[in-house]
Amino acid sequence: MKRIAVIGAGASGLMAACFAAGGNNRVAVFEKQKKIGRKILVSGNGRCNIANCRIMMEKYHGKDPRFVHQILSRFGLNDTVDFFKSIGIPLVEENNGKLFPASLQASSIVKIFEYELAARNVEINLHRKAERLMEKRGRYKLITAGREEYDFDSIILSAGSCAFPSVGGSRTGYELAQQMGHTVHEPFPAILPLSIPLKILHRLQGVKWDCAVKVAADNKTLASSEGEVLFTGYGISGPASMDVSREVNRLVIQNITPDIIIDFFPGYSVDGLMNQLETLWKDLSKSASFSLIGFMKHPLPEVLCGIAGIDPRKPVKGLSRNEKAKLAATMKELRLKPGKPRSFDEAVVAAGGVDVGEVDPATMESRIRKNLFITGELLDIDGDTGGYNLQFAWSTGAIAGMSQH
Ligand SMILES: Cc1cc2nc3c(=O)[nH]c(=O)nc-3n(C[C@H](O)[C@H](O)[C@H](O)COP(=O)(O)OP(=O)(O)OC[C@H]3O[C@@H](n4cnc5c(N)ncnc54)[C@H](O)[C@@H]3O)c2cc1C
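Okay, so let's go over this structure.

Basis of the calculations
Residues numbered from 1 in each chain as written. Predicted model: local features only at pLDDT ≥ 70, side-chain atom pairs only at ≥ 80, totals over all residues. Heavy atoms only, no water. Pairing = 2+ DSSP bridges. Helix = DSSP H or I, 4+ residues; strand = E, 2+ residues; numbered from the N terminus. Axes fitted to C-alpha atoms, helices over the stretch in contact; angles between N-to-C directions. Phe/Tyr/Trp six-rings, centres within 6.5 Å; stacked < 30°, edge-to-face > 60°. Buried < 20%, exposed > 50% of the residue type's maximum accessible area, 1.4 Å probe, protein only. Lys NZ or Arg CZ within 6 Å of the ring centre and 35° of its normal. Contact = heavy atoms within 4.5 Å. Polar contact = N/O pair within 3.5 Å; in protein donor to acceptor, adjacent residues only side chain to side chain. Right-handed = clockwise from strand over helix to strand, strands pointing away.

1. A closer look at the sheet that holds strand β10 (residues 149-152)
- A sheet is described by the order of its strands in space; here three strands give the open sequence β8-β9-β10, paired in antiparallel fashion. Each edge of the open sheet is held by one strand with a lone partner, namely β8 (130-136) and β10. Along the sheet, successive strands turn relative to each other by an average axial angle of 20°, direction set aside.
- Where β8 lies against strand β9 (residues 139-144), six bridges are found, and the strand directions are antiparallel. The residue of β9 that forms the bridge with Lys136 is Arg139.

2. Examining the packing of aromatic side chains
- All chains considered together, the criterion is met by 17 aromatic pairs.
- On the numbers, 5.3 Å between centres and 75° between planes, the contact of Phe83 with Phe84 is edge-to-face.
- The buried category is assigned to Phe83, whose relative accessible area is 7%.
- With centroids separated by 4.6 Å and ring planes inclined at 5°, the aromatic side chains of Phe265 and Phe295 adopt a geometry described as stacked. Linking Phe265 in the loop between β17 (259-263) and α8 (270-280) with Phe295 in the loop between α8 and α9 (300-307), this pair joins segments that are 30 residues apart in sequence.
- Taking the relative accessible area as the measure of exposure, Phe295 reaches 14% and is therefore buried.
- Grouping aromatic residues by their ring pairs yields a cluster made of Phe19, Phe75, Phe83, Phe84, Phe113 and Trp394.
- Over the ring of Phe100 we find Arg47; its NZ or CZ atom is 4.5 Å from the centre of that ring.
- Here the basic side chain of Arg342 rests over the ring of Tyr234, its NZ or CZ set 3.5 Å away from the ring centre.

3. Here's the deal with the environment of Ile191
- Along the chain, Ile191 falls in the loop between β12 (184-190) and β13 (194-195).
- For the pair formed by Ile191 and Glu365, sequence separation is 174 residues and the distance between their alpha carbons is 28 Å.
- If we ignore the near neighbours within four places in the chain, the residues touching Ile191 are Met242, Ser245, Glu346, Ala347, Val348, Val349, Gly383, Asp384, Thr385 and Asn389.

4. Things to note about the side chain of His185
- Along the polypeptide, His185 turns up in strand β12.
- At 2.9 Å, the side chain of His185 and the side chain of Asp355 are in polar contact.

5. Notes on the environment of Tyr115
- Topologically, Tyr115 is positioned in helix α5 (residues 106-119).
- Judged by relative accessible area, which is 59%, Tyr115 ranks as exposed.
- Sequence-wise, Tyr115 and Ile87 are 28 residues apart; in three dimensions their C-alpha atoms are separated by 9.5 Å.

6. Regarding unusual backbone geometry
- For the bond from His298 to Pro299, the omega torsion is 0°, close enough to zero to count as cis.
- Mapped onto the elements, Pro299 comes out in the loop between α8 and α9.
- In the Ramachandran plot, Arg137 falls in the positive-phi region, its phi being about 45° despite a non-glycine side chain.
- Within the secondary structure layout, Arg137 lies in the loop between β8 and β9.
- The exposed category is assigned to Arg137, whose relative accessible area is 79%.

7. A closer look at the pairing of strand β2 (residues 25-30)
- Burial runs high along β2: five of the six residues are buried.
- Strand direction decides the pairing type here: strand β1 (residues 2-7) and β2, joined by six bridges, are parallel. Residue pairing for β2: Lys2 is matched across the bridge by Asn25.
- As a crossover connection, the stretch from β1 through helix α1 (residues 11-20) into β2 is right-handed.
- With three bridges joining them, β2 and strand β7 (residues 123-125) adopt parallel strand pairing.

Here it is as structure tokens:
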């Protein structure tokens, strides 16, 4: 009999346990929280965006994103869809290729995993935090925080990242990997709101507006997105800003301060916007901000006038050509400087993690320790929003599980 421990009952660990079970294998899952799959429960706003039909390699990041290609060619989208179908979870497609369980409830996924693990005789140990691993000739001793000791022939380390600690994110996975000799690239928060220390902007708190957002440094565009931006009391949030947050934080932690460039009117060319503004400015007695209230949500007109250095009360007839051009430029290309990255508490994922060069993508086995397998977000791969992170977790978990037979 082969004894296998899965550390972490998140997306990749649950998948690994399902695939490892059977034959001569005895699988035990160790989960530090009192329930399995807590991050799955909050994923996709409680609906769980399981995967994405439009798998694109550029959606993945890390020191060597080519690793993802090898993973997905071994267990890809079709395998994922077939697996979920086989356990009673048909998927439905929504906008931008996003796949969800037909129930649109993340809780159904966790419940079905509970059922599957029981059916496959997997032992679940809740409230058991793996604290230490000791290896001797390819066999392992696992020591929990409660000082219990267990012996295993194989370990699947699926402890996730330090993102979102309220549902289990912690650094313990990195620590266990380091105990085993692995290199961990310092994690940093990705897919989260951005702080912008420009006081006047904070007056927009609560305003949502469809914008194009770009991140630029040295006159090069490094990331871009288009969609809703939510202005907050500290900076910006919402899908378009979350999409570019990884690149902003990557640069900021390298002491590079990029420009975050917001285009409030991506549907207009510069000339087109100017023509539109000229029609709004026909009534010369309106104030600069009042002339815009039918065109932009309150209080964007005042705030953008303020940022452009124009008194919002100034009548249109008093606006110089230069001021008009500056206001139009502020609407088309507002350049903002980010503050410090916000904390992991708000981060959907952590970039960084275990160096993927030290893991064999064909099996997920460590190239440093025999019979140690590493999966999911603990690895130095992170994806964009849209189901890419869970896809990577399911795929790496399935491969590690299959490798136990
Ligand atoms: C709010 C939110 C929404 C998200 N929505 C989506 C989405 O819709 N689509 C998408 O693709 N991705 C989404 N993600 C990201 C996705 O959930 C993760 O990438 C994925 O869950 C990672 O799987 P994992 O198995 O690597 O880690 P996790 O799912 O985090 O599982 C790790 C588990 O290990 C346990 N653990 C940690 N250390 C120990 C230890 N020492 N001993 C025992 N147990 C331990 C943790 O408690 C946890 O249960 C979301 C993330 C968040 C935070």
